[in-house]
Amino acid sequence: DATIGWLRHAEIKHGRVAMAGFVGYCLHANGIQFPIHIPGDYSTKSPAELWDQVPESGKWQIILFVGFLEFFSESGANGAHYTKGGKPGAFPSFNAPAGGDQYKIPHPVPLDLWDPVGFTKNSSPEKLERGRLIEINNGRLAMLGLFGFLAESKLPGSVPALGGIALPYDGDYMAPFAADFHLF
């Protein structure tokens, strides 16, 4: 039961990351940028080259923020851990964690990551379960879609449906700090 919980949580978490990555890839490839971003030159249309253009300090900010979210979600703030009977994929509240006040963030956080405006607070358990299955399936599809873009950008023609859509990239996806990596 613990293994199934761990696998399901990993699938949901990676699906969420893939959905964000797929949407981000599509937005940037179409020239859509948020008005507020880390200072730097973002003139490329290639989403992969965009990461290469983010300054090292910006990359570390992103990675450390994601690390904080991971630490907080695994800290026990959600009550029972997903490998010990807790709900896989549930993210604890910043303001009222199920694990108790010792997990509360010391400064006010206006919105939680899960259902920040309260759309699902009155939903039935059946509707929430159906929504979770939809999220899992969308995450699976986003993983395939994102990796399709990445494969086509490195090896043109590898995904015929994406020929001419995915922008070529000559960098290394597996070395996110390759151009400017150093620890100190």
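Residues numbered from 1 in each chain as written. Predicted model: local features only at pLDDT ≥ 70, side-chain atom pairs only at ≥ 80, totals over all residues. Heavy atoms only, no water.

Engineer: Explain helix α3 (residues 56-74) residue by residue, including any values.
Structural biologist: A rise of 1.5 Å per residue sets the reference length of α3, with its 19 residues, at 27 Å; its end C-alpha atoms lie 27 Å apart and thus fit the reference within 8%. G76 sits one or two residues past α3 and shows a positive phi near 105°. (Helix = DSSP H or I, 4+ residues; strand = E, 2+ residues; numbered from the N terminus. Expected span 1.5 Å × (residues − 1).)

Engineer: Please provide a residue-by-residue account of the environment of S124, values included.
Structural biologist: With respect to the helices, strands and loops of the structure, S124 is situated in the loop between α3 and α4 (125-154). Each C-alpha atom, one on S124 and one on V109, is 27 Å from the other, the two residues being 15 residues apart in sequence.

Engineer: Provide a residue-level description of the packing of helix α1 (residues 2-29) against α4, including the pertinent values.
Structural biologist: Packed helices, taken two at a time, are described by their axes: the angle between them and the distance between them. Between α1 and α4, the shortest axis-to-axis distance is 7 Å and the interhelical angle comes to 55°. The angle between α1 and α4 places the two elements in the oblique class. Crossing geometry of α1 relative to α4 is assigned as left-handed. Residue classes in the contact of α1 with α4 are distributed as 12 nonpolar, seven polar and six charged. (Axes fitted to C-alpha atoms, helices over the stretch in contact; angles between N-to-C directions. Parallel < 35°, antiparallel > 145°, perpendicular 65-115°, else oblique. Left-handed = near helix turned anticlockwise from the far one by under 90°. Nonpolar A, V, L, I, M, F, W, Y, C, P; charged D, E, K, R; others polar.)

Engineer: An account of the packing of aromatic side chains is needed here, citing residue identities and associated values.
Structural biologist: Inspection of every chain in the model, using the stated rule, returns seven aromatic pairs. Both rings, one in F68 and one in F72, keep their centres 6.1 Å apart while their planes meet at 25°; by these two values the pair is stacked. Here F68 and its partner F72 are both found in helix α3, four residues apart, which amounts to about one turn of the helix. Taking relative accessible area as the criterion, F72 reaches 6% and is therefore assigned buried. Summarising the aromatic geometry, the rings of F91 and F94 are spaced 5.9 Å apart at their centres and angled 70° between planes, so their arrangement reads as edge-to-face. The class of F91 is buried, set by a relative accessible area of 18%. Judged by relative accessible area, which is 7%, F94 ranks as buried. (Phe/Tyr/Trp six-rings, centres within 6.5 Å; stacked < 30°, edge-to-face > 60°. Buried < 20%, exposed > 50% of the residue type's maximum accessible area, 1.4 Å probe, protein only.)

Engineer: Go over the confidence of the model for the chain with me, naming the residues and quoting the values.
Structural biologist: Overall, the predicted model of the chain reaches an average pLDDT of 86, with 96% of residues at or above 70. Mean pLDDT across the elements of the chain ranges from a minimum in helix α2 (residues 47-53), with 85, to a maximum in α4, with 94. (pLDDT = per-residue confidence, 0-100.)

Engineer: Residue-level account of the environment of A161, with values.
Structural biologist: Inspection of the secondary structure assignment puts A161 in the segment after α4. Residues A161 and F34, 127 residues apart in the sequence, show an inter-C-alpha distance of 28 Å.

Engineer: Provide a residue-level description of the pattern of salt bridges, including the pertinent values.
Structural biologist: A pair can form between side chains of opposite charge whenever their charged atoms are brought close. Taken as a whole and assessed by the stated rule, the structure comprises five salt bridges. Note that E11 is salt-bridged to R8, the shortest N-O span being 3.4 Å. Placement of the pair is E11 and R8 together in helix α1, with a separation of three residues, close to one helical turn. On the accessibility criterion, R8 (32% relative accessible area) is partly exposed. Note that R132 is salt-bridged to E135, the shortest N-O span being 3.3 Å. Of the two residues, R132 and E135 both sit in helix α4, three residues apart, roughly one turn of that helix. Side by side, R132 and E135 carry an identical accessibility label, which is buried. Each of R8, E11 and R140 takes part in salt bridges that share partners, so that together they form one network. (Salt bridge = Lys/Arg side-chain N within 4 Å of Asp/Glu carboxyl O.)

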